[in-house]
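Breakdown of the fold
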Amino acid sequence: MSALVKSTLKLLIRMKGFWFFLLITPFLTTLILRTKENYISFYDSDAPEMITELDGAEEKVAYFNGKGKCVIKVYDASKDAFSEYMLNKIQQSGLFQVCRVYLPDYDDGKFDELIKERLEVDGSNDRMGAALCIRPGFTESLGKAESKDALAIYKLSEDSRTYILESEIKTILTKIESVLKAHFGDAAGTLDALEVIDSIIPGKKTVALSTADNNSLTLEQTNQKSRMGYALAILTLGYVFGGIFVAHICINEQKDRVFTRIKLAGMGMTEYFFSKILAVIFVTLMLTGIMAICTFFIDVESMGMSIPNFLLVISLMGLIFSTLSLMIGLLIGDVMSSNVAAFTLWSMSALLSGLYFPIDGTTEVIKTLSYIMPHKWFLDGTELILIGDKMGQIMILCVTVAYLIIIGSIGSMCLKVKRVDEWGSN
């Protein structure tokens, strides 16, 4: 068996594609872990509460439904100081996500025509709680009878928070009009007075609590988790193709009738495939070793975890994906098809596990599928390690054992169901 493992490793070393993935994926992973990008706005609810500016009236707002907030699309033909103040207060309430499109070149007639057209389209093709229309001359109408015509609210869902939105807007407008009246219509003085009043009101502070399904991460840890997600996605590609290259060797040996000669030498199918699994383990260790060298160029503190924990995570993750890609290649039995299957495996697992972006706002079907993907469990284990929970390492070890048992069981069963005589068995 040792001779088979050595011959497989020698064949791997001669493959240019193997060296490409063996070197390029740790290099790209190192670059990602060295970045200082801020990902708070994607993941954390404590991100600064800001109005989302839209590029046009046609842009959909369904994508901005973060953390379960009620999305409000605002068609703003005014964008003056008081409308800005009102929208900021709505956004800062914590219940709503304000998405605004600025429409400065519309008079009353064109504005009404546009709103009528957009409400028909957005009401059926977009997901929002309500639409808010601010007509030209909003500031001039404050405190007058026509102020009701300068602002219109359209409920586009059954969300009960739209009633709170109406009450919130009414309260804000009453506050503005009373202060404006006290300053005899002086807009600048009114804004200054509003700022003084707001500064007296106690500030809001959001405290995140850990639950069974959600861990409390600091802003820095959220960034670390995001970087680790991208790093795991890129590094997995190296492990996946490491296993698929071993499968290429098996496919070529099957075509050249190598296994028949091995069987004549007294070795069975079990020993043959076990030697290939050992070769996959060596490939996993090689890629992990190169990544260990690359950690000398990474700021350990910015990672949020120790080097041993990081190497443990990537090595166990690599063992799962390299073994899985080996089994897929053996079952498919074709070099090109196995390459496509390996790439599909990598991309779907990374996408559905939330490595690129959070999937909290997706459907229950997507969330259920994510629990099938290995990446999901390793990302959750990484999160536990970041907050100092010792269960993170135990969880990753248990997940690895579970996936290897599943892969071995399903793979051996499929090989038996398949016409295994092409591997020399009758």
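Residues numbered from 1 in each chain as written. Predicted model: local features only at pLDDT ≥ 70, side-chain atom pairs only at ≥ 80, totals over all residues. Heavy atoms only, no water.

What to know about the sheet that holds strand 4 (residues 130–134)
The test is simple: When DSSP finds two or more bridges between a pair of strands, those strands are recorded as paired. Helix and strand assignments follow DSSP, with helices taken as H or I runs no shorter than four residues and strands as E runs no shorter than two, numbered in order from the N terminus.
Pairing is mixed in the open sheet, where five strands are placed in the order 1-3-2-4-5. Of all strands in the sheet, those with a lone pairing partner are strand 1 (52–53) and strand 5 (151–155), marking the two edges. Across five bridges, the pairing between strand 4 and strand 5 is antiparallel. By the bridge assignment for strand 5, I134 is matched with L151.

Some words on the nonpolar core
Stated precisely, the cut-off is as follows: Buried residues of nine kinds, namely Ala, Val, Leu, Ile, Met, Phe, Trp, Tyr and Cys, make up a nonpolar core once their side-chain atoms join them within 4.5 Å. Relative accessibility decides the category of a residue: with a 1.4 Å probe and only protein chains considered, values under 20% of the type maximum give buried, values over 50% give exposed, and everything between is partly exposed. Contacts are assigned to residue pairs with any non-hydrogen atoms lying within 4.5 Å of each other.
The biggest cluster of nonpolar side chains holds 60 residues, and the ones touching the most others in it are L12, F310, I314 and F378. For this core, the element with the most residues is helix 10 (residues 219–255), which contributes 15 residues. If near-sequence neighbours (up to four positions away) are discounted, F378 is found in contact with V313, L316, M317, I320, I396, V399 and T400. Counting 27 residues, the second-largest nonpolar core is a separate cluster that includes I72, L142, I172 and V179.

Observations concerning the packing of helix 14 (residues 307–332) against helix 15 (residues 335–352)
Two numbers describe a pair of packed helices, the interaxial angle and the distance between the axes. Selection criterion: Angular values range over 0 to 180 degrees, each being the angle between N-to-C directions of two axes fitted as lines to C-alpha atoms, with helices fitted over their stretch in contact. Take the far helix as your reference; a near helix turned counterclockwise from it by less than a right angle gives a left-handed crossing, and one turned clockwise gives a right-handed crossing. Side-chain classes follow a simple rule in which Ala, Val, Leu, Ile, Met, Phe, Trp, Tyr, Cys and Pro form the nonpolar group, Asp, Glu, Lys and Arg form the charged group, and the remainder, Gly included, forms the polar group.
As a packed pair, helix 14 and helix 15 sit with axes 9 Å apart at the nearest point and diverge in direction by 145°. Crossing hand, helix 14 versus helix 15: right-handed. Here F321, L324, I328, G329 and I332 of helix 14 lie close against helix 15, whose contacting residues are S337, S338, A341, L345 and S349. Looking at side-chain class alone, the contact of helix 14 with helix 15 contains six nonpolar, four polar and no charged residues.

Comments concerning the pattern of salt bridges
The condition that has to hold: The salt bridge criterion pairs a side-chain nitrogen of Lys or Arg with a carboxyl oxygen of Asp or Glu, the two atoms within 4 Å.
Applying the stated criterion across every chain yields a total of seven salt bridges. Notably, a salt bridge pairs E53 with R100, separated by 2.6 Å at the nearest N-O pair. Placement of E53 in strand 1 and of R100 in strand 3 (residues 96–102) is noted, with a sequence separation of 47 residues between them. Residue classification places E53 among the partly exposed positions, given a relative accessible area of 40%. Among the salt bridges present, the one from R161 reaches D159, with a minimum N-O distance of 2.7 Å. Residue classification places D159 among the partly exposed residues on the basis of a relative accessible area of 21%. Overlapping salt bridges, with partners in common, bring together E53, D76, E84 and R100 in one network.

Examining a negative patch on the surface
What counts here: Patches here: salt-bridge-free residues with over 30% relative accessible area, like charges joined within 9 Å, nonpolar side chains (Val, Leu, Ile, Met, Phe, Trp, Tyr) joined within 5 Å. Accessibility throughout is a Shrake-Rupley quantity obtained with a 1.4 Å probe, and a residue counts as covered only by protein chains that appear here. Charge counting treats Lys and Arg as positive and Asp and Glu as negative, with His and both chain ends excluded. Where a charge lies is defined by one atom per residue type: Lys uses NZ, Arg uses CZ, Asp uses CG and Glu uses CD.
A contiguous patch of negative charge on the surface is contributed by E58, E113, E117 and E120. If you trace the backbone, E58 turns up in the loop between strand 1 and strand 2 (70–76).

Structural notes on the packing of helix 4 (residues 81–92) against helix 8 (residues 161–182)
Just so we agree on the cut-off: Orientation is classified from the angle alone, with under 35 degrees giving roughly parallel, over 145 giving roughly antiparallel, 65 to 115 giving roughly perpendicular, and any other angle giving oblique.
Following both chains from N to C, one finds helix 4 and helix 8 inclined at 140°, their axes separated by 10 Å at the closest point. What the angle tells us is that helix 4 and helix 8 run oblique. Considering the relative orientation of helix 4 and helix 8, their crossing is right-handed. Across the interface between the two elements, F82, Y85, M86, K89 and I90 from helix 4 touch L165, E168, I169, I172, L173, K175, I176 and L180 from helix 8.

So, the packing of aromatic side chains
What counts is decided by this rule: Geometry of aromatic contacts follows a simple scheme: Phe, Tyr and Trp rings, the Trp one being its six-membered ring, pair when their centres are within 6.5 Å, and the pair is stacked under 30 degrees between planes, edge-to-face over 60, tilted otherwise. We count a charge as sitting over a ring when the NZ of a lysine or the CZ of an arginine lies within 6 Å of the ring centre and within 35 degrees of the ring normal.
Evaluated as defined, the whole model comprises nine aromatic pairs. An angle of 80° between the planes, with centres 6.5 Å apart, marks the rings of F18 and F245 as edge-to-face. Residue F18 is found in helix 2 (residues 16–34), and its partner F245 is found in helix 10; the two are separated by 227 residues along the sequence. The class of F18 is buried, set by a relative accessible area of 3%. Its relative accessible area of 10% is what places F245 among the buried residues. Above the plane of the ring of Y371 lies K376, whose end atom (NZ or CZ) is 5.3 Å from the centre.

Observations regarding a nonpolar patch on the surface
On the surface, F274, I277, I281, F282 and L285 cluster together to form a nonpolar patch covering roughly 430 Å² of accessible area. Counting through the fold element by element, I281 comes out in helix 12 (residues 269–294).

Remarks on the environment of N223
Relative to the assigned elements, N223 resides in helix 10. Classification of N223 as buried rests on a relative accessible area of 12%.

Here we look at the pairing of strand 2
Most of strand 2 sits inside the fold, with seven of its seven residues counted as buried. Alternating positions in strand 2 separate into two faces, C70, I72, V74 and D76 on one and V71, K73 and Y75 on the other, with burial throughout. Two elements, strand 2 and strand 3, share seven bridges in a ladder whose sense is parallel. When the sheet's bridge partners are listed, D76 is paired in strand 3 with Y102. The pairing of strand 2 with strand 4 spans five bridges and is parallel. Considered in strand 4, the bridge of Y75 is made with C133.

Considering helix 9 (residues 187–200)
Heads up, the condition is: Given a helix with a known number of residues, its expected span is that number minus one, times 1.5 Å. Working note: the arc is built from the helix axis to C-beta atom directions.
In a regular helix each residue adds 1.5 Å, so 14 residues correspond to 20 Å; helix 9 covers 20 Å between its end C-alpha atoms and thus fits that length. Taken together, the buried positions of helix 9 are occupied by G189, T190, A193 and L194. The buried side chains of helix 9 occupy one side of the element, clustering within an arc of 140° when seen end-on. Opposite the packed face of helix 9, turned more than 90 degrees from it, sit the exposed residues E195 and S199. Its buried side turned inward, helix 9 meets helix 4 and helix 8.

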